[in-house]
Amino acid sequence: MSRFDKLEEMINMAKVNEFLGKTEKDEKKKKICLILGIVGAVVAVAGIAYAIYRYLTPDCLEDFEDDFEDDFDDDFFDDEDEEAKEAKESKKEEKEEAEKAEESEDAAVEKIVKEVIEEEFENDEKKEEEKE
């Protein structure tokens, strides 16, 4: 064998090693992709299963919360209703008192007007009597 043949043989062996090295890297990439694909598929199936579970199971806690909120709201609004009633009653009382005060003022004004008119009428009668 000549040197040239040996050189050619070495070059071929280098190419074969290079090719084998690439195939090993490709196999590692394939394994990693395969593992990630399997993990992704498992996660997708688990997500779908959870979504179906949430969709199909009734939400009992929601009913419980609604009952609790209703009780709380009733108590809260009962207090407001009582306060509102008391406020309305006090407003009515104030309004009645104001009306009574206005009526008494009106009556006093009418009384004063009547007295003034009577005095004027009496003064007019006296003046007529004096003229005669």
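See the structure above.
Residue indices begin from 1 for each chain and proceed along its sequence in written order. In keeping with the model being predicted, local features are shown solely for residues with a pLDDT of at least 70 and side-chain atom pairs are shown and tallied solely at 80 or more, while totals for entire chains, interfaces and linings include all residues. Think of the side-chain values as coming from all heavy atoms in the structure, minus any hydrogens and water.

**Structural notes on the overall build of the chain**
Here is the rule: Helix numbering and strand numbering both begin at the N terminus, where a helix is a DSSP run of H or I of at least 4 residues and a strand a DSSP run of E of at least 2. Only protein chains enter the accessibility calculation, which uses a 1.4 Å probe. A residue is then buried if its area is under 20% of the maximum for its type, exposed if over 50%, and partly exposed in between. For the accessible areas, the method is Shrake-Rupley and the probe is 1.4 Å, while residue cover comes only from the protein chains on display.
Regarding its fold elements, the chain presents 2 helices and 0 strands. For the chain, buried positions account for 0% of its 132 residues. Summed over all atoms, the accessible surface of the chain reaches about 13,200 Å², with 57% contributed by carbon and sulfur.

**Comments concerning the packing of aromatic side chains**
This is how it is decided: Two rings from Phe, Tyr or Trp (for Trp, the six-membered ring) form a pair when their centres are within 6.5 Å of each other. A pair whose planes differ by under 30 degrees is stacked, one over 60 is edge-to-face, and the rest are tilted.
Here the structure, examined in full by the defined rule, presents 1 aromatic pair. Ring geometry for tyrosine 50 against tyrosine 53: centres 6.5 Å apart, planes inclined by 35 degrees, an arrangement best described as tilted. Taken together, the positions of tyrosine 50 and tyrosine 53, both in helix α1 (residues 3–56) and 3 residues apart, correspond to about one turn of that helix.

**Here we look at a positive patch on the surface**
Filter applied, for reference: Nonpolar side chains (Val, Leu, Ile, Met, Phe, Trp, Tyr) are joined into patches within 5 Å and like charges within 9 Å, using only residues with over 30% relative accessible area and no salt bridge. One speaks of a salt bridge when a side-chain nitrogen belonging to Lys or Arg is within 4 Å of a carboxyl oxygen belonging to Asp or Glu. Charged-residue counts in this description rest on Lys and Arg as positive and Asp and Glu as negative, His and the chain ends being excluded. For the purpose of locating charges, the reference atoms are NZ of Lys, CZ of Arg, CG of Asp and CD of Glu.
Together, Lys25, Lys28, Lys29 and Lys31 line one region of the surface with positive charge. Inspection of the secondary structure puts lysine 31 in helix α1.

**Quick look at a nonpolar patch on the surface**
The grouping of Ile48, Ile52, Tyr55 and Leu56 at the surface amounts to a nonpolar patch, some 500 Å² of accessible area in total. Mapped onto the elements, isoleucine 48 comes out in helix α1.

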